[in-house]
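Descriptive structure summary
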Amino acid sequence: MSIRLRAGLITSAVIGAGAVILSQGAAFAAPPTPPSHHTPAPADSLRALASQSGLRIGAAVNTDLLATNSEYRAIAASQFSSVTPENVMKWEVVEPTQGTYDWSAADDLVSFAQQNGQLVRGHTLVWHSQLPAWLNAAAPSMSSDQVRALLKKHVVDEVTHFKGKIWQWDVVNEAFNDDGTLRDTIWLQKLGPGYIADAFRWAHEADPRALLFYNDYNIEFTGPKSNAVYQLVKDLTAQGVPIDGVGFQTHLDSQYPLPDLQNNLQRFAALGLKVAETEVDVRTTLPVTPVEQNAQIGGFTSTLQACLAVRACLSYTVWGIGDAYSWVPDVFPGEGAATIYDENLQPKPEYTALQQTLALAAGTPGRNDPRR
Ligand code: 9MR
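Residues numbered from 1 in each chain as written. Predicted model: local features only at pLDDT ≥ 70, side-chain atom pairs only at ≥ 80, totals over all residues. Heavy atoms only, no water.

**Focus: the overall build of the chain**
The helix and strand tally for the chain stands at 15 helices and 10 strands. Burial analysis of the chain (372 residues in total) assigns 55% to the buried set. Expressed as a percentage of contacts within the chain between residues at least 6 apart in sequence, the contacts between residues at least 24 apart total 80%. Per element, the accessible surface of the chain, about 14,500 Å² overall, is 53% carbon and sulfur. (Helix = DSSP H or I, 4+ residues; strand = E, 2+ residues; numbered from the N terminus. Buried < 20%, exposed > 50% of the residue type's maximum accessible area, 1.4 Å probe, protein only. Contact = heavy atoms within 4.5 Å. Areas by Shrake-Rupley, 256 points an atom, 1.4 Å probe, with all protein chains shown as cover.)

Right under this line is the structure:
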């Protein structure tokens, strides 16, 4: 029996079973309250099903497509209860010229989210990539004090601009190498490892109610990188640094074994932190074979199951809507098909697998407790 068929049966059963609560929030610290005048999402949408487990289901949104493609916009609004700007909150976009901010694209996405009863994951404040050209040119010859002042201003100004409108901020992104050493970035070179704690302190001062996350990839697997991030956030927590959570990006490839993600989520949660899956996709070599697609379906299913199983897991976010718009083919030539919608924005079996997994969780007694 195919997953598609089973999903259809289970979804119908759930819809038949009764009301779907559309905007049940997770029990996180004081979320922004979105206006509630949005069109109710279909009862078998990912967001409606996820709400029954108190889980926010999100997508990284391409704001150019949101403005120009009505089909894309409809999916973004109806299927997801959280959005992440794929690019438009990054430093190169918000401050293209030093001292001149352009918040327009990000503001539009925040308005879209509010209109649709969605929460926003802010992405990302401190990263080594997608920095403005002026910064890349100037920073290497600046003093540590100058770089520190520049980074602080960026964090404080951006968090202040969006104050009260961001649910989770990815404060620091991808600070580690796969071997567990700190990545050799301009921030590490100029400021030393303390830049990480400082960034969290600055962000917290600017918006004390936002949940502040450290975000990285390949920490889904237990190993040197995951262990290093674990030690970092344990130390930060012990020092009273205002960190609330860890984002597991979860960029998977069907040719590799699945990560032991649930164990990792659990051990981070045991530190008293929230966790989230922040950038889920499962790429494969093209053209996709049935065997590979089964592996992709397994990747989406098991990563969602892991989040559902850990009550501190607040949200599950897929990275991109539609294989035609995914970052994967640009970075991994010959690979793709990494999202849950195909090239024509039609839902793939990967979408149905998420739907089925959410429906099963919603039908499990005790599973609809609020996340915390
Ligand atoms: O999806 C993003 C793509 O459009 C950008 O070109 C790219 C630039 O580095 O960043 C992509 O998003 C990344 C995210 O911000 C951080 N984690 C890895 C994501 C995929 O590269």
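Next comes the rest of the description.
**Some thoughts on the pairing of strand β1 (residues 56-61)**
Counting buried residues along β1, six of its six residues qualify, which places the element largely inside the surrounding structure. Residues of β1 alternate between two faces, with Arg56, Gly58 and Ala60 on one and Ile57, Ala59 and Val61 on the opposite face, all of them buried. Here four bridges tie β1 to strand β9 (residues 313-318), and the two strands are oriented parallel to one another. Bridge pairing in β9 places Ala59 opposite Val318. The sheet contact formed by β1 and strand β2 (residues 82-85) spans four bridges and is parallel. Along β2, the bridge assignment pairs Ala59 with Val83. (Pairing = 2+ DSSP bridges.)

**Describing the packing of helix α11 (residues 224-238) against helix α12 (residues 261-269)**
Between α11 and α12, whose axes approach to 11 Å, the crossing angle comes to 15°. Overall, the two elements α11 and α12 adopt an arrangement that is roughly parallel. Relative to α12, the crossing made by α11 is right-handed. Between α11, through Ser226, Asn227, Val229, Tyr230 and Val233, and α12, the contact on the second element is made entirely by Asn264, Arg267 and Phe268. Of the residues that constitute the contact of α11 with α12, the class distribution is four nonpolar, three polar and one charged. (Axes fitted to C-alpha atoms, helices over the stretch in contact; angles between N-to-C directions. Parallel < 35°, antiparallel > 145°, perpendicular 65-115°, else oblique. Left-handed = near helix turned anticlockwise from the far one by under 90°. Nonpolar A, V, L, I, M, F, W, Y, C, P; charged D, E, K, R; others polar.)

**Some thoughts on the nonpolar core**
Phe80, Trp169, Val172, Trp187, Tyr214 and Tyr316 are the most contacted members of the largest nonpolar core, which totals 98 residues. Here this core takes eight residues from helix α10 (residues 195-206), the largest share from any one element. Look past the residues within four positions of Tyr214 in its chain and what remains in contact with it is Val172, Glu174, Ala175, Phe176, Phe200, Val229, Leu232, Val233, Ile243, Gly245, Val246 and Gly247. (Core = buried A, V, L, I, M, F, W, Y, C linked by side-chain atoms within 4.5 Å.)

**Some remarks on the site of the ligand**
Near the ligand, the surroundings consist of 14 residues, among which Glu86, Lys90, His123, Glu174 and Glu279 are the closest. In the environment of the ligand, an oxygen atom lies 2.9 Å from a nitrogen or oxygen atom belonging to the side chain of Trp319. Considered on its own, the ligand offers 450 Å² of accessible surface; in the complex 76% of this is hidden by protein. Taken atom by atom, the bulk of the ligand overlaps the largest pocket. A per-class count over the shell around the ligand returns three nonpolar, seven polar and four charged. (Near = heavy atom within 4 Å. Polar contact = N/O pair within 3.5 Å; in protein donor to acceptor, adjacent residues only side chain to side chain. 1 Å grid on protein atoms, 1.4 Å probe; cavity = no way out; pocket = protein on both sides within 12 Å on 5 of 7 lines; lining within 4 Å. Sits in = over half its atoms within 2 Å of the grid points.)

**Some thoughts on the pattern of salt bridges**
A complete count under the given rule lists nine salt bridges for this structure. Notably, a salt bridge pairs Arg201 with Asp198, separated by 3.2 Å at the nearest N-O pair. On the criterion of helical spacing, the pair formed by Arg201 and Asp198 is a turn pair, its members being three residues apart in helix α10. For Lys225, the salt bridge goes to Asp216, with nearest N and O atoms at 3.2 Å. (Salt bridge = Lys/Arg side-chain N within 4 Å of Asp/Glu carboxyl O.)

**Focus on the side chain of Lys190**
Inspection of the secondary structure puts Lys190 in helix α9 (residues 186-191). Those residues in contact with Lys190 that sit more than four places away from it in its chain are Ala139, Pro140, Ser141, Met142, Ser144 and Val147.

**Examining the state of the cysteines**
A covalent bond between the sulfur atoms of two cysteines is what we call a disulfide. Scanning the model with the defined rule gives one disulfide in all. The partner cysteine of Cys307 in its disulfide is Cys313, sulfur to sulfur 2.0 Å. On the sign convention where negative is left-handed, the bridge of Cys307 and Cys313, at about -100° about the S-S bond, is left-handed. As far as the burial class goes, Cys307 and Cys313 line up, both buried. (Disulfide = S-S within 2.5 Å.)

**What about the layout of surface pockets?**
Estimated volume of the largest pocket: approximately 610 Å³. Considering the residues around the largest pocket, the lining is formed by 29 residues, among which Gln249, His251, Glu279, Trp327 and Phe332 are closest to the centre. Here the residues of the lining of the largest pocket sort into 14 nonpolar, nine polar and six charged. (Points joined across faces, edges and corners; volume = space filled by probe spheres on them.)

**Brief notes about helix α15 (residues 349-362)**
Counted at 1.5 Å a residue, the expected span for α15 with its 14 residues is 20 Å, and the 20 Å between its end C-alpha atoms agrees. Across the 14 residues of α15, 12 count as buried, placing the element largely inside the fold. Of all the positions in α15, only Glu350, Tyr351, Thr352, Ala353, Leu354, Gln355, Gln356, Thr357, Leu358, Ala359, Ala361 and Ala362 are classed as buried. (Expected span 1.5 Å × (residues − 1).)

**So, the packing of aromatic side chains**
In the structure shown here, the tally under the stated rule is 11 aromatic pairs. Their ring planes at 85° and their centres at 6.1 Å tell us that Tyr72 and Tyr325 sit as a pair that is edge-to-face. Here Tyr325 lies in the loop between β9 and α14 (328-331) and Tyr72 lies in helix α4 (residues 70-79), a separation of 253 residues in the sequence. What makes Tyr72 buried here is its relative accessible area of 1%. Take Tyr325: its relative accessible area is 28%, and that puts it in the partly exposed class. Here the aromatic cluster, defined as three or more aromatic residues joined through ring pairs, consists of Tyr101, Trp103, Phe162 and Trp169. Above the face of the Tyr230 ring, Arg267 is positioned so that its terminal group lies 4.8 Å from the ring centre. Seen from the ring of Phe332, Arg283 lies directly overhead, with NZ or CZ sitting 3.8 Å from the centre. (Phe/Tyr/Trp six-rings, centres within 6.5 Å; stacked < 30°, edge-to-face > 60°. Lys NZ or Arg CZ within 6 Å of the ring centre and 35° of its normal.)

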